[in-house]
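So you can see what is in the structure, the chains are spelled out below.
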Amino acid sequence: GDSVTQMEGPVTLSEEAFLTINCTYTATGYPSLFWYVQYPGEGLQLLLKATKADDKGSNKGFEATYRKETTSFHLEKGSVQVSDSAVYFCALSDNTNAGKSTFGDGTTLTVKP
Amino acid sequence: AAGVIQSPRHLIKEKRETATLKCYPIPRHDTVYWYQQGPGQDPQFLISFYEKMQSDKGSIPDRFSAQQFSDYHSELNMSSLELGDSALYFCASSLGAGSYNEQFFGPGTRLTVL
């Protein structure tokens, strides 16, 4: 079945540091890939997405590139801010399963001033 | 822009009671997904509906049932509640079912079973 593996957290960085959160996936079809962010006590917000190989999703300084050859979708940001502190989920949605999403375990990011 | 609405936002129940969670999708969205997120866990898919028919089923206990109504809103009915049912329940909606159709998540209903 489908699965998503994220780098284990938590991740603690200083403000303006470079962020990478690794994500790899296993899917039977041709999935779309997503990064969601969840702030404390809140719901899931879509951060960015990519629907086919070599697509790059980007939003609010975050980027991720759909790499089919390595089945990866790593999240990067060049300079993090304290306000980026949240839990980040990598997810996939596979065309063979009516569009449901499969999530990674989530990575908690804490950015210190 | 209108978003996915879930009600109630918070719900406290006793063991063995029943609960009904409601989800109102974004207008014109015909697909609804339900997810359960336990404390410190990732969201787990429960069930989905497309055009009022069940389209997929995940790890939903037999004690739970759900349906999508003619106005596309959906309800998740939970009976014989157990302590382990305490979680954040998300509803998401999309226009069409499939991986290319972006899912928009609601704020969630936090269920606490005492």
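Residues numbered from 1 in each chain as written. Chains lettered and ligands numbered in written order. Predicted model: local features only at pLDDT ≥ 70, side-chain atom pairs only at ≥ 80, totals over all residues. Heavy atoms only, no water.

The number of helices and strands found in chain A is 0 helices and 12 strands. Ordered by position in the sequence, the α and β elements of chain A form the string β-β-β-β-β-β-β-β-β-β-β-β. Here chain A has a C-alpha radius of gyration of 14 Å; the compact-globule value for 113 residues is 13 Å, and the two agree. Projected onto its principal axes, the C-alpha coordinates of chain A cover approximately 45 × 30 × 20 Å. Relative to its full complement of 113 residues, chain A shows a buried share of 46%. Considering only intrachain contacts with a sequence separation of at least 6, the fraction spanning at least 24 residues in chain A is 57%. (Helix = DSSP H or I, 4+ residues; strand = E, 2+ residues; numbered from the N terminus. Rg over C-alpha atoms; globule rule 2.2 N^0.38 Å. Buried < 20%, exposed > 50% of the residue type's maximum accessible area, 1.4 Å probe, protein only. Contact = heavy atoms within 4.5 Å.)

Turning our attention to the packing of aromatic side chains. Summed over all chains, the structure comprises 12 aromatic pairs over all chains. Here Tyr-36 of chain A and Phe-103 of chain A contribute two aromatic rings whose centre-to-centre distance is 5.6 Å and whose plane-to-plane angle is 45°, an arrangement assigned as tilted. Of the two residues, Tyr-36 of chain A sits in strand E5 (residues 32–38) while Phe-103 of chain A sits in strand E11 (residues 101–103), which places them 67 residues apart along the sequence. The residues Tyr-36 of chain A and Phe-103 of chain A share a single accessibility class, namely buried. Taking 6.2 Å as the distance between ring centres and 85° as the angle between the ring planes, the aromatic pair formed by Phe-90 of chain B and Phe-105 of chain B counts as edge-to-face. With Phe-90 of chain B in strand E9 (residues 87–94) and Phe-105 of chain B in strand E10 (residues 104–105), the pair connects residues that are 15 residues apart, well separated along the chain. Accessibility assignment for this pair places Phe-90 of chain B and Phe-105 of chain B in one class, buried. An aromatic cluster of three or more residues is present, and its members are Phe-34, Tyr-36, Phe-89 and Phe-103 of chain A together with Tyr-33, Tyr-35, Phe-45, Phe-90 and Phe-105 of chain B. (Phe/Tyr/Trp six-rings, centres within 6.5 Å; stacked < 30°, edge-to-face > 60°.)

This part is about the layout of surface pockets. In this structure, the largest pocket encloses a volume near 250 Å³. Gln-38 of chain A together with Gln-37, Gly-38, Gly-40 and Gln-41 of chain B are the residues nearest the centre of the largest pocket, which is lined by 17 residues in total. Classifying every residue of the lining of the largest pocket by side-chain character gives 7 nonpolar, 7 polar and 3 charged. (1 Å grid on protein atoms, 1.4 Å probe; cavity = no way out; pocket = protein on both sides within 12 Å on 5 of 7 lines; lining within 4 Å. Points joined across faces, edges and corners; volume = space filled by probe spheres on them. Nonpolar A, V, L, I, M, F, W, Y, C, P; charged D, E, K, R; others polar.)

Using the criterion set out here, one finds 8 salt bridges over all chains in the structure. Between Asp-55 of chain A and Lys-52 of chain A there is a salt bridge, with the nearest N and O atoms lying 3.3 Å from each other. Linking Asp-56 of chain B and Lys-100 of chain A is a salt bridge whose minimum nitrogen-to-oxygen distance equals 4.0 Å. One end of the pair, Asp-56 of chain B, is in strand E6 (residues 53–57); the other, Lys-100 of chain A, is in the loop between strand E10 (86–93) and E11, on a second chain. Looking at Asp-56 of chain B, the relative accessible area reads 17%, which means it is buried. Put simply, Arg-63, Glu-82 and Asp-85 of chain B are held in one network by salt bridges that share partners. (Salt bridge = Lys/Arg side-chain N within 4 Å of Asp/Glu carboxyl O.)

All names here are of chain A. Read from one edge of the open sheet, 4 strands run E3-E9-E8-E7, paired in antiparallel fashion. With partners counted over all chains shown, the strands left at the sheet margins are strand E3 (19–21) and strand E7 (56–59), one partner each. Strand after strand, the sheet turns through a mean of 15° between neighbouring axes, direction not considered. Of the pairings in the sheet, the one linking strand E8 (residues 62–65) to strand E9 (residues 75–77) comprises 3 bridges and is antiparallel in character. If you follow Glu-63 over to E9, its bridge partner there is Glu-76. (Pairing = 2+ DSSP bridges. Axes fitted to C-alpha atoms, helices over the stretch in contact; angles between N-to-C directions.)

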